[in-house]
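Below, each chain spelled out in residue letters.
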Amino acid sequence: MTQRDDIADRFKQGDLARAYDLCLDALRHRPDDLWLRHRAVLCLIRSGALERAERDFYRFRLAEARHNEDCLALGARLLKAMAFEANAEDFPTLARSSADRYAAVFEQTGGHYPGINAATMALLAGDRERSVDLARRVLESCRSGLPLDPEAAYYQKASEAEAHLLLAQPGAANMALRSAIACDRENYLAHATTLRQLRLIAAALDMPDAWLDALEPPRPAHYAGHLFRSGAGDGMVAPDREVRLKTAIATLLERENIGPLHGALAAGSDILIAEAGLAAGCALTVVLPVPVAVFIDASVRPYGQAWVRRCEVCLEAAADIVEVTTDRRILSEFSLNHASVVAMGMARMRASVLASTPVQLLVFDGEAGRSESGTARDAAVWRQSGLPQHILRFERSVPSASLPVIAGDAASDDFNLVIRTMLFLDIRGSTSVPDDRIPTFVQKVLGRLAEVCESGPDRPLYTDSWGDGLFLVFGSVAEAARAAVGLRRAFDAIDLDALDLPPGLGLRIGGHCGPVQEGMDPVQKRTAPFGGQVAVASRIESVTVPGSIFVSEAFAALLSMSRPAEFRCEYVGRTEIDPLLPMTRLYALRSVAPGSPASGEIRASARTEHAAQQIGIDQFE
């Protein structure tokens, strides 16, 4: 497989993070490759990192590709994405501008892609007559034979489906869309984009869209389940019972159209689900609270060496392994729960990209028990989100053994392990402030930011400052997100020229969430957070683009589970935040205007209004 094929394949699967990273890696060696430049920007647009996409669009000089339809249409695609985030008053104007830009490309090239987008944006802008005219012309342009390339053939048939729906012909649209999917069955990201577009059209025309449900891509899932030992002894799961359980898992994966899996790899249920998923071709993302070796010693090895071998096979086949912390000794119910919610949020974010509904798969005895931990707690957290949940009933003859005590894991009486969300802020370019303007800078800029921190509804639990920076600690990601957006807006409102300050000053905000040790600071004589996760937050700020808010994958995943409709987190790239740390995936935290199409999509959360009624419980024996 060539590098371009690998990028295209990951793009089709909705794995925008890796696709974008591969594009940038390839461009270091082939900076003039137009396909790579176009695909890199498209990855950012699809993931919603619009400012970054706009900057790369001009940095890569894609507007100058006069004879390339894809590049010409990319500018219109950016306007379309911005329109979907705009408030209700601004949306029609932006939608009309996007329609005009697409229509200009359609007149120049006659291609169905700019034509159908011009037609849809015209409809959304309120010009039904223009939309119908463009849709008819698109159908005429699609009457020629299908291209040999599967992706090109898909888009032509998808354009036909969209044109038929714009003409209020849902039956013809259904047939054309099924033909499109048959051309390129595993291009899930393209399918998702089409489904979103068709749902928008159906809503604008007040038409039902239930027929689209059966055409959704495979659904991302979070999985969890009870630990157990295998064997014929007391309290063990007999081999034949284990086989029946694994068969039931495979049946459920196929029946519910489950695709990407997100969860841990503890002995017993976790590994069985991972094995069944890998056998079915599901992409496996392993999410662990601690490094792999620590997790295996605590949650796999005590249950038998056979489980260790099976765990290692799954790790080798996994698409990704996420270690939520770098702590080499802390493994507790507390940290396990944190990693589980991160895994749930990652499944939910992946579902958003694929325009599908995330599900949870549990191997569970159904006993609430200590609902603050383990499988019972995972079940309760997911159920509260209103998302579909499928439970394979698994009755255990005896409770699973407790986790072993890890050497050095006992916390000091003076410190508490807690989950905290941290923001680091600094002002890029502050060293250019002349000495005589420092008092103004401190009073009017840093002072204004401090006022926002103190007066806002989401006040931090802890604050600190140094030079041109601030360190803020919050109890939840939602509170931190609202504070970060408020701080950015406050800084943008400062008139630097009127204060005779350098115009190049820019606020950078980095955010992260994770377990920290809270204890007495021996210097400041007050309670403060300590640990590696604090350092991660500070390093993220150092690579943030001025004017932006960059957050970690853990922050983005947890925010996805809390699901405030006013925010989105879009992938911006994998970055080295510290030479001693692994490459880190970062997301741009964005505020979304109330009443915008994007806000409506977040509120719908893949149609969760009725998903809570879809909870299934299966007996596998």
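Predicted model only: the values in this text are computed from it and were never measured. (Residues numbered from 1 in each chain as written. Predicted model: local features only at pLDDT ≥ 70, side-chain atom pairs only at ≥ 80, totals over all residues. Heavy atoms only, no water.)

A word on the overall build of the protein chain
Reasoning step 1: In terms of regular secondary structure, the protein chain is built from 23 helices and 15 strands.
Reasoning step 2: Counting over 621 residues, the protein chain shows a buried share of 57%.
Reasoning step 3: For the protein chain, the share of sequence-separated contacts (at least 6 apart) that also reach a separation of at least 24 residues comes to 74%.
Reasoning step 4: Carbon and sulfur atoms provide 51% of the accessible area of the protein chain, an area that totals close to 26,400 Å². (Helix = DSSP H or I, 4+ residues; strand = E, 2+ residues; numbered from the N terminus. Buried < 20%, exposed > 50% of the residue type's maximum accessible area, 1.4 Å probe, protein only. Contact = heavy atoms within 4.5 Å. Areas by Shrake-Rupley, 256 points an atom, 1.4 Å probe, with all protein chains shown as cover.)

Thoughts on unusual backbone geometry
Reasoning step 1: Despite not being glycine, asparagine 257 shows a phi value in the positive range, around 55 degrees.
Reasoning step 2: Counting through the fold element by element, asparagine 257 comes out in the loop between helix 12 (239-255) and strand 2 (258-263).
Reasoning step 3: Phi angles above zero are rare outside glycine, and alanine 355 is one such case at about 55 degrees.
Reasoning step 4: Mapped onto the secondary structure, alanine 355 falls in the loop between helix 16 (333-354) and strand 5 (359-364).

Quick word on the pairing of strand 8 (residues 462-466)
Reasoning step 1: Strand direction decides the pairing type here: strand 8 and strand 9 (residues 469-474), joined by five bridges, are antiparallel. Along strand 9, the bridge assignment pairs serine 465 with leucine 470.
Reasoning step 2: Count of turn residues in the strand 8/strand 9 antiparallel hairpin: two residues, of which glycine 467 carries a positive phi of about 55 degrees. (Pairing = 2+ DSSP bridges.)

Structural notes on the nonpolar core
Reasoning step 1: Core analysis: the biggest nonpolar cluster contains 84 residues, and Leu423, Ile427 and Leu589 have the highest contact counts within it.
Reasoning step 2: With near-sequence residues (within four places) excluded, leucine 423 lies in contact with Leu470, Phe471, Leu472, Phe474, Ala480, Ala484, Ile509, Gly510, Gly511 and Phe555.
Reasoning step 3: Counting 46 residues, the second largest nonpolar core, distinct from the first, contains Ala125, Val132, Ala176 and Ala180. (Core = buried A, V, L, I, M, F, W, Y, C linked by side-chain atoms within 4.5 Å.)

Notes on the packing of helix 9 (residues 150-166) against helix 11 (residues 188-204)
Reasoning step 1: The geometry of helix 9 relative to helix 11 is characterised by a closest axis approach of 10 Å and an angle of 10 degrees between their N-to-C directions. Classed by the angle they form, the pair helix 9 and helix 11 counts as roughly parallel. Residues Tyr154, Tyr155, Ala158, Ala161, Glu162, Leu165 and Leu166 of helix 9 pack against Ala190, His191, Thr194, Gln197, Leu198, Ile201 and Ala202 of helix 11.
Reasoning step 2: Residue composition of the contact of helix 9 with helix 11, grouped by class: 10 nonpolar, three polar and one charged. (Axes fitted to C-alpha atoms, helices over the stretch in contact; angles between N-to-C directions. Parallel < 35°, antiparallel > 145°, perpendicular 65-115°, else oblique. Nonpolar A, V, L, I, M, F, W, Y, C, P; charged D, E, K, R; others polar.)

Some details on the pattern of salt bridges
Reasoning step 1: Per the stated rule, a full pass over the model turns up 29 salt bridges.
Reasoning step 2: The closest approach of N and O atoms between arginine 143 and glutamate 140, which form a salt bridge, is 3.3 Å.
Reasoning step 3: What makes arginine 143 exposed here is its relative accessible area of 62%.
Reasoning step 4: Its salt-bridge partner being arginine 310, residue glutamate 242 comes within 2.8 Å of it at the nearest N-O pair. Of this pair, glutamate 242 sits in helix 12 while arginine 310 is found in helix 15 (residues 305-317), placing the two residues 68 residues apart along the sequence.
Reasoning step 5: The exposure class of arginine 310 is partly exposed, given its relative accessible area of 21%. (Salt bridge = Lys/Arg side-chain N within 4 Å of Asp/Glu carboxyl O.)

Comments concerning the pairing of strand 6 (residues 389-393)
Reasoning step 1: Summarising burial for strand 6: four of the five residues are buried, a large majority.
Reasoning step 2: Relative to strand 6, strand 5 runs parallel, the two sharing five bridges. Residue pairing in the sheet places phenylalanine 364 in a bridge with arginine 393 of strand 6.

Regarding the environment of valine 322
Reasoning step 1: Among the structural elements, valine 322 can be located in strand 4 (residues 320-323).
Reasoning step 2: C-alpha of valine 322 to C-alpha of valine 290: the two residues are 32 residues apart in sequence and 9.0 Å apart in space.
Reasoning step 3: Ignoring any residue separated from it by four or fewer positions in sequence, one finds valine 322 in contact with Thr285, Val286, Val287, Leu288, Met346 and Glu553.

Focus: the packing of aromatic side chains
Reasoning step 1: Scanning all chains against the criterion turns up nine aromatic pairs.
Reasoning step 2: Look at tyrosine 154 and tyrosine 155: their rings are 5.3 Å apart centre to centre, the planes differ by 75 degrees, and that puts the pair in the edge-to-face class.
Reasoning step 3: Between phenylalanine 228 and phenylalanine 394, the aromatic rings sit 5.3 Å apart at their centres with planes inclined by 35 degrees, giving tilted as the arrangement. Of this pair, phenylalanine 228 sits in the loop between strand 1 (219-225) and helix 12 while phenylalanine 394 sits in the loop between strand 6 and strand 7 (416-428), and the two are 166 residues apart along the sequence.
Reasoning step 4: By relative accessible area, which is 5% here, phenylalanine 228 ends up buried.
Reasoning step 5: Over the aromatic face of phenylalanine 11 sits the side chain of arginine 39, whose NZ or CZ is 4.4 Å from the ring centroid. (Phe/Tyr/Trp six-rings, centres within 6.5 Å; stacked < 30°, edge-to-face > 60°. Lys NZ or Arg CZ within 6 Å of the ring centre and 35° of its normal.)

Observations regarding a negative patch on the surface
Reasoning step 1: A cluster of acidic residues, Asp435, Asp436, Asp495, Asp497 and Asp500, forms a negative patch on the protein surface.
Reasoning step 2: On the secondary structure map, aspartate 497 appears in the loop between helix 19 (477-492) and strand 10 (506-520). (Patch = residues over 30% accessible without salt bridge, like charges linked within 9 Å, V, L, I, M, F, W, Y side chains within 5 Å. Lys, Arg positive; Asp, Glu negative; His and termini not counted. Charge placed at Lys NZ, Arg CZ, Asp CG, Glu CD.)

Some remarks on helix 6 (residues 91-109)
Reasoning step 1: Across its 19 residues, helix 6 extends 27 Å between first and last C-alpha, which sits within 8% of the 27 Å expected from 1.5 Å per residue.
Reasoning step 2: Listed as buried for helix 6 are Phe91, Ala95, Ser98, Ala99, Tyr102, Ala103, Val105 and Phe106. Buried residues in helix 6, looked at end-on, bunch into an arc of 160 degrees, giving them a common side. Looking at helix 6, the residues exposed on the side facing more than 90 degrees away from the buried face are Glu107 and Gln108.
Reasoning step 3: Positive backbone phi, at 75 degrees, marks glycine 110, one or two positions downstream of helix 6. (Expected span 1.5 Å × (residues − 1). Arc of directions from axis to C-beta.)

Observations concerning the packing of helix 16 against helix 17 (residues 374-384)
Reasoning step 1: In the contact formed by helix 16 and helix 17, the axes pass within 11 Å of each other and the chain directions differ by 40 degrees. Between helix 16 and helix 17, the interaxial angle falls into the category oblique. The hand of the helix 16/helix 17 crossing is right-handed. Within the contact between the two elements, helix 16 uses Asn337, Ser340, Val341 and Met344 and helix 17 uses Gly374, Arg377, Asp378, Val381 and Trp382.
Reasoning step 2: Each residue belonging to the contact of helix 16 with helix 17 can be placed in one class, and the counts come to four nonpolar, three polar and two charged. (Left-handed = near helix turned anticlockwise from the far one by under 90°.)

Some points on the side chain of aspartate 378
Reasoning step 1: Relative to the assigned elements, aspartate 378 resides in helix 17.
Reasoning step 2: Although aspartate 378 is buried, it makes no salt bridge; arginine 377 carries the closest opposite charge, 4.3 Å away.
Reasoning step 3: Side-chain polar atoms of aspartate 378 contact the side chain of serine 340, separated by 3.4 Å.
Reasoning step 4: Excluding its chain neighbours within four sequence positions, the residues that come into contact with aspartate 378 are His222, Ala224, Ser340, Met344 and Gln360. (Polar contact = N/O pair within 3.5 Å; in protein donor to acceptor, adjacent residues only side chain to side chain.)

A short note on the state of the cysteines
Reasoning step 1: One pass over the full model with this rule turns up zero disulfides.
Reasoning step 2: We note that cysteine 311 lacks a disulfide partner, and the nearest cysteine sulfur, in cysteine 314, lies 6.8 Å from it. (Disulfide = S-S within 2.5 Å.)

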